[in-house]
Amino acid sequence: MDDHELVRRGLVDLLKSEPNITVVGEAGTAAEALRRIPSTHPDVALLDGRLPDGSGIDVCREIRSSNPEIRCVILTSFDDDEALFSAIMAGASGYLLKEVGGSSLVAGIRQVAEGRSLIDPAVTQKLLDRLRNPIREVSKLDALTPREREILDLITDGYTNRQIGDKLFLAEKTVKNYVSILLTKLGMQRRTQAAVYGASVRTGG
C-alpha cells in the first residue's frame, strides 16, 4: 500500500506480472490497511513508510500484534537509523528504499515470504546494543536535526502543517514528511504527544 495512487498502481502491476505472486488487496491509508490486511490475510504486507493518517511502521506494529504470521516489509524514501530501528521494533521482516529496482523488490518479497529477513543482522545487533546500553544514547531532542527542532517548536506553538510551511517557506507535503520523521525519532505516534514533549522541554519538565 502506498499513499500515491500512481506508485501504488505501478507496484500492483509489477507484482501481478510475477509468477506465483497474488495481490490480494491494496489500500491508500493506514486505517484502510488495518481493515483490509486481517481480512485478506496476505503472506506479506508491503507497507509505505509514510501515509496520510499514520505510517507503515504503525500498521506493521498493529498487524504483527494481532496476526504475527503476516510478515511486513516497509517501503520508504528515508534511509535513517531511527526509522529502521522503529521498523525492527515493530516486527518488520524487511525495510527497503523506494529507489530499489523492481527485480530486487520482488526478490525481497519472495525472501520474506519464505520466512527470511531482509534486515542486515549487523543492524539488528546494533539495535540490541542500543537496548542493552540505553544510558549511552543521546536524548531524544539531540537526535533531531536543527530543522526538525524548529518544526517541533512550531508544533508546540500549535501551528498546523500548512502554517509551518508558510512560515518556513516549505511545501506542506515536505512539512508532513518532517513531522513523520521527528515523530519516529521521538518514539511517538501523534503530533499532540510531540507538542506536550516540546512544552515539557521548554519548562524543564
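As a starting point, this report considers the structure included with it. (Residues numbered from 1 in each chain as written. Predicted model: local features only at pLDDT ≥ 70, side-chain atom pairs only at ≥ 80, totals over all residues. Heavy atoms only, no water.)

**Examining the pairing of strand 1 (residues 44-48)**
Here strand 1 lies mainly inside the structure; five of its five residues are buried. Covered by surrounding structure in strand 1 are Val44, Leu46 and Asp48 together with Ala45 and Leu47, the residues of both alternating faces. When strand 1 meets strand 2 (residues 71-76), the two strands line up parallel, connected through five bridges. The residue bridging Leu46 from the neighbouring strand is Val73, located in strand 2. After leaving strand 1, the chain enters helix 3 (residues 56-66) and then returns to the sheet as strand 2, a path that is right-handed. (Buried < 20%, exposed > 50% of the residue type's maximum accessible area, 1.4 Å probe, protein only. Helix = DSSP H or I, 4+ residues; strand = E, 2+ residues; numbered from the N terminus. Pairing = 2+ DSSP bridges. Right-handed = clockwise from strand over helix to strand, strands pointing away.)

**Quick look at the nonpolar core**
In terms of nonpolar packing, the biggest core is built from 22 residues, with Ile37, Leu47, Val59, Cys60 and Ile74 touching the most fellow members. Breaking this core down by element, the ones donating at least two residues are helix 2 (30-40), strand 1, helix 3, strand 2 and helix 4 (81-90). Of the residues forming this core, the biggest block, five residues, is contributed by helix 4. The residues touching Cys60, leaving out its near neighbours within four places in the chain, are Leu47, Cys72, Ile74, Ala90, Gly91 and Ala92. In this structure, Leu168, Val179, Leu182 and Met188 belong to the second largest nonpolar core, which totals 17 residues. (Core = buried A, V, L, I, M, F, W, Y, C linked by side-chain atoms within 4.5 Å. Contact = heavy atoms within 4.5 Å.)

**Observations regarding the packing of helix 7 (residues 146-156) against helix 8 (residues 161-168)**
Put simply, helix 7 and helix 8 touch, their axes get as near as 10 Å, and they point 130° apart. In this view, helix 7 runs oblique relative to helix 8, as classed from their interaxial angle. Every pair of crossing elements has a handedness; the one defined by helix 7 and helix 8 is right-handed. Residues Arg147, Glu150, Ile151, Leu154 and Ile155 of helix 7 form the contact with helix 8, whose own contacting residues are Ile164, Lys167 and Leu168. Among the residues forming the contact of helix 7 with helix 8, the class breakdown is five nonpolar, no polar and three charged. (Axes fitted to C-alpha atoms, helices over the stretch in contact; angles between N-to-C directions. Parallel < 35°, antiparallel > 145°, perpendicular 65-115°, else oblique. Left-handed = near helix turned anticlockwise from the far one by under 90°. Nonpolar A, V, L, I, M, F, W, Y, C, P; charged D, E, K, R; others polar.)

**Quick word on the layout of surface pockets**
As a volume, the second largest pocket reaches approximately 600 Å³. Lining the second largest pocket we find 26 residues, and of these Thr22, Val23, Val24, Pro42 and Val44 sit closest to its centre. When contributions to the lining of the second largest pocket are tallied by element, the ones reaching two or more residues are helix 1 (5-16), helix 2, strand 1 and helix 5 (102-113). In terms of residue class, the lining of the second largest pocket is built from 17 nonpolar, four polar and five charged. (1 Å grid on protein atoms, 1.4 Å probe; cavity = no way out; pocket = protein on both sides within 12 Å on 5 of 7 lines; lining within 4 Å. Points joined across faces, edges and corners; volume = space filled by probe spheres on them.)

**Details of the pairing of strand 2**
The buried fraction of strand 2 is high, at five of six residues. Judged from the four bridges that link them, strand 2 and strand 3 (residues 94-97) form a sheet pairing that is parallel. Bridge pairing in strand 3 places Thr76 opposite Leu97.

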